[in-house]
Amino acid sequence: MLIESLIRLGKPFVSGGLAPAMILDQVSDIREQNAKTFLSHVVIVEADPETKAVAVEWVRWVQVHIEREGKKTKEITYPDYEHARTAPFVVPAGGAPTNAQGRYGIPTYIFYEKHVDAFRKDSVEVENFLRNRLKRTKDGDFLVPLVDELSQRIHEFFKATEFPAKEKAIGLLVLAIMDGRGTYRYEPQGYAPRTGWEGILTPSFLDPNRVIVADLERTVDRFWESKIAEGEEKGRLSGDDAVCAFCGATGEVISAYSKAWNWFTTTWVGPLATELPQDRLVEGVALCPDCYKALTYGSRVFDRLTRPMPLSLAREIFAPASSPSGIKQQRMRNAADIPTVYGGVLPLPVLDEWLVDPDERKAFIQKMSKMMGQDQAVFESSRDLHLKTLTGLEMWLPDVDESQEYRLMILYYSGDPSRADIHLRAVIEDVIPSMAKSVNDLVREVYEESEPLRERLLGPDLVDRMKEFFLSLPGLLTKAYGPAHVWMTLASVLHGRPLSRRRFVELAAARLRELTSQYTQKLFDIRQEVLFDLVFSDFLQRYSAKLAAKGAEVPMRPWPEMLELLKGSVDHPPVWKDVEELGFASGYLLREFGKRYFLKANKDYLESRVITFGNQVTPEVILKYGLMNLRTHAARHHISVWDLEKLLGSLMAGFLEHKEGLRRDSDAFLAAFWAGYCLNRPDKKTAGDEDDEVSEEGKTAM
């Protein structure tokens, strides 16, 4: 269950040992991408009940740097996290963001342009804003008597203040009431706060000799109390009958239907126990306070470990794998018409006992913090794993080892969680990190060693043009098995389960059949299909031999070996062990004869003599129109074929020997035929190679 995984993900954080500053980084929104917008205008209301003085000022908690990019300059804004932790906040993820939502641990409220306009208009608008939020704020009642005074002062401040014209008038309103009951206190100017446990909100506006210090530990306590209060809105139970649905703890439980995780919200009626009223949902799914905290942590970590999949890969995943023209049309579609697919990689501890050790727990938390990008570490260690090749997601898994004390859960979804509109596409559980690294290394190894093949088929100038595609395991699997099978096959690879070769060959043959009808115009496309066919076949062979639990199906011999075998056929007629080798050799021979035929007849042999009248490339067509008529056409045009006689003879014998296999595996014959045909090229491009003319249409493919 996904919610259980999030609780497991959050438990290391709940188990203790983290400084309050780090907890606030995790459970609040101060490190979210859009947080810096709110931190640009922080309005602080300092109220000293002892002197009854009130001051309202605004400050910036961002730093702006000018950076040059060539001849242009641009402004880069960096949030000031040291200050932001003293007034943590949560940005509403759904509903009307301008309304009071959820619960507030401390009186820190975000405001929008709509609020600013209202605040300038009338103090009553400020009063309504404050009253609606104070009743949702921990210990907010004690501020209620001050609302009239604070509203008037805030109204006057906004009326007299203009934020920079180029900036949106949105920000953060902080009520620093200095009566000792909140999280702020005065300290003398020059006070050094304890790192991680305290922070300076601002120098006092009322007394220049003092600063306002935030107690982050109290802030965290209030933050959690507010989260617990959110859960209690949907029900709370106490006593021996109150049992946590996940850890079995008894005594006190609250509802899991809350804002702890926006996927498990009452906005979405699907998972709700429909017979229960909103305030008794605790009777459906109940959590103890620790599991509730862990769910809150886990959901925050989940959000930060989630990335959008690149558009180029999303195009591949939604493309019809059986049709080259369909793939091409998909690549030309407007980006807005393609659903955004999000994915996340979550490391989950195998056993809770592993996290009892403080050192183990700290190391695990540091690993997740690095994944979330909270540490600006440079991932260059050989033990770090870049997850883009495996998952399509721009993420790193730091410090992969063989301990196997945690597993990876990979999740893909589309939709808009803030609207409870979620389309869960795949959940891949229990991936061993070392296995993921082995698969990653294998994909990269296959690509690196395919360079001679890429150069032979595409030419030296285009040798890397498909690099991104070949270094994407989801992209490879989509084309090999089709969009409907991509998640299933990805899970199979990451668990070391065997993959079907037949399905991959069937789709490769289907694409080649479509291209065959215009093969002279689509020859570059055919070469790319051949390239994919041979590269993926190599991956499949190595994966099956090294990583899969079941033995590999043995494909034809590697293409360099096949070429050497065919070049030596002048003296030693080869023997074909299967239909793939027979197809490869047939393609090689027809291409070799086609070169000579073109010089004499100025026509393409395959197009003019073999696949005429709508013929497809099938074993029967190749045998009947290509091989059996070869000597006839050679004699008619005075083409010397003495060096091809033994090869032709062995092929004729091979067709008889593999008659049943050809009927059963015509797709394998077809794919291998085009491989042999396209690979029969000179080692270097020379003038007069008719098929070295690459169509512009072909260059745009893949």
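Residues numbered from 1 in each chain as written. Predicted model: local features only at pLDDT ≥ 70, side-chain atom pairs only at ≥ 80, totals over all residues. Heavy atoms only, no water.

Turning our eyes to something else, we now look at the overall build of the protein chain. Of the regular secondary structure elements, the protein chain holds 29 helices and 18 strands. Taken over the C-alpha trace, the protein chain has a radius of gyration of 34 Å; the compact-globule value for 702 residues is 27 Å, which it surpasses by more than 25%. Dimensions of the protein chain, computed from C-alpha atoms along their principal axes, come out at roughly 115 × 65 × 45 Å. In the protein chain, which comprises 702 residues, the proportion classed as buried is 53%. Split by element, the accessible area of the protein chain, about 31700 Å² in all, is 50% carbon and sulfur. If you average the places of the 90 positive and of the 103 negative side-chain charges in the protein chain, the two averages end up 5 Å apart. (Helix = DSSP H or I, 4+ residues; strand = E, 2+ residues; numbered from the N terminus. Rg over C-alpha atoms; globule rule 2.2 N^0.38 Å. Buried < 20%, exposed > 50% of the residue type's maximum accessible area, 1.4 Å probe, protein only. Areas by Shrake-Rupley, 256 points an atom, 1.4 Å probe, with all protein chains shown as cover. Lys, Arg positive; Asp, Glu negative; His and termini not counted. Charge placed at Lys NZ, Arg CZ, Asp CG, Glu CD.)

With that settled, consider the nonpolar core. Ranked by size, the top nonpolar core spans 184 residues in total, and within it Tyr184, Phe536, Phe584 and Trp674 carry the most contacts. If sequence neighbours within four positions are ignored, Phe584 has contacts with Met556, Trp559, Met562, Leu563, Leu566, Ala672, Phe673, Ala675, Gly676 and Leu679. If you look at the next biggest cluster of nonpolar residues, it comprises 27 residues, including Val45, Ala100, Leu175 and Ile177. (Core = buried A, V, L, I, M, F, W, Y, C linked by side-chain atoms within 4.5 Å. Contact = heavy atoms within 4.5 Å.)

On to the sheet that holds strand E12 (residues 286-287). An order of E10-E11-E12 is seen for the three strands of this open sheet, with the pairing classed as antiparallel. Of all strands in the sheet, those with a lone pairing partner are strand E10 (236-243) and E12, marking the two edges. Both E10 and strand E11 (residues 250-255) contribute to a ladder of five bridges, which runs antiparallel. Across the sheet, residue Gly239 finds its bridge partner in E11, namely Gly251. Helix-sheet contacts for helix H8 (residues 216-232) involve E10 and E11, and the interaxial angle to E11 is about 80°. (Pairing = 2+ DSSP bridges. Axes fitted to C-alpha atoms, helices over the stretch in contact; angles between N-to-C directions.)

We now examine the side chain of Ser28. Secondary-structure assignment places Ser28 in the loop between helix H2 (20-27) and helix H3 (35-39). Assessed through its relative accessible area of 0%, Ser28 is described here as buried.

This part takes up the sheet that holds strand E7 (residues 184-188). Spatially, three strands are ordered E7-E9-E8 in an open sheet, and the strand pairing comes out antiparallel. Every interior strand has two partners, whereas the edge strands, E7 and strand E8 (198-203), have only one. Across the sheet, the mean angle separating the axes of adjacent strands is 40° when strand polarity is ignored. Summarising the sheet, E7 and strand E9 (residues 210-215) pair through five bridges and their orientation is antiparallel. Its bridge partner lying in E9, Glu187 is registered against Val211.

Bringing the environment of Leu523 into the picture now. By the secondary structure assignment, Leu523 is in helix H20 (residues 523-546). Spatially, the C-alpha atom of Leu523 lies 60 Å from that of Ile110, the residues being 413 residues apart in sequence.

A few words now on the packing of aromatic side chains. What the rule picks out here adds up to 35 aromatic pairs. Summarising the aromatic geometry, the rings of Tyr342 and Tyr413 are spaced 5.5 Å apart at their centres and angled 25° between planes, so their arrangement reads as stacked. A residue pair is termed long-range when its members are at least 10 positions apart, and Tyr342 in strand E14 (residues 341-349) and Tyr413 in strand E17 (residues 406-416) qualify at 71 residues. Taking relative accessible area as the criterion, Tyr342 reaches 27% and is therefore assigned partly exposed. Looking at Tyr413, the relative accessible area reads 6%, which means it is buried. Taken together, the ring pairs in this structure connect Trp58, Tyr104, Tyr109, Phe111, Phe119, Phe129, Phe157, Phe158 and Phe163 into an aromatic cluster. (Phe/Tyr/Trp six-rings, centres within 6.5 Å; stacked < 30°, edge-to-face > 60°.)

So, on to unusual backbone geometry. With phi around 55°, Asp139 is a residue other than glycine that occupies positive phi space. Asp139 sits in the partly exposed class, given a relative accessible area of 38%.

Following the criterion strictly, the structure yields zero disulfides and no others. Cysteine Cys244 remains unbridged, with the sulfur of Cys247 as its closest cysteine sulfur at 3.7 Å. In this structure Cys244 comes out as buried when scored by relative accessible area, which is 3%. Sulfur of Cys247: no disulfide; nearest cysteine sulfur belongs to Cys288 and is 3.6 Å away. (Disulfide = S-S within 2.5 Å.)

Moving on to the confidence of the model for the protein chain. Averaged over the protein chain, the pLDDT score is 85; the fraction of residues at 70 or greater is 91%. Mean pLDDT across the secondary structure elements of the protein chain bottoms out at helix H29 (residues 696-699), with 38, and peaks at E9, with 95. The low-confidence segment residues 686-702 (pLDDT under 50) makes 35 contacts with residues lying over four places distant or belonging to another chain. (pLDDT = per-residue confidence, 0-100.)

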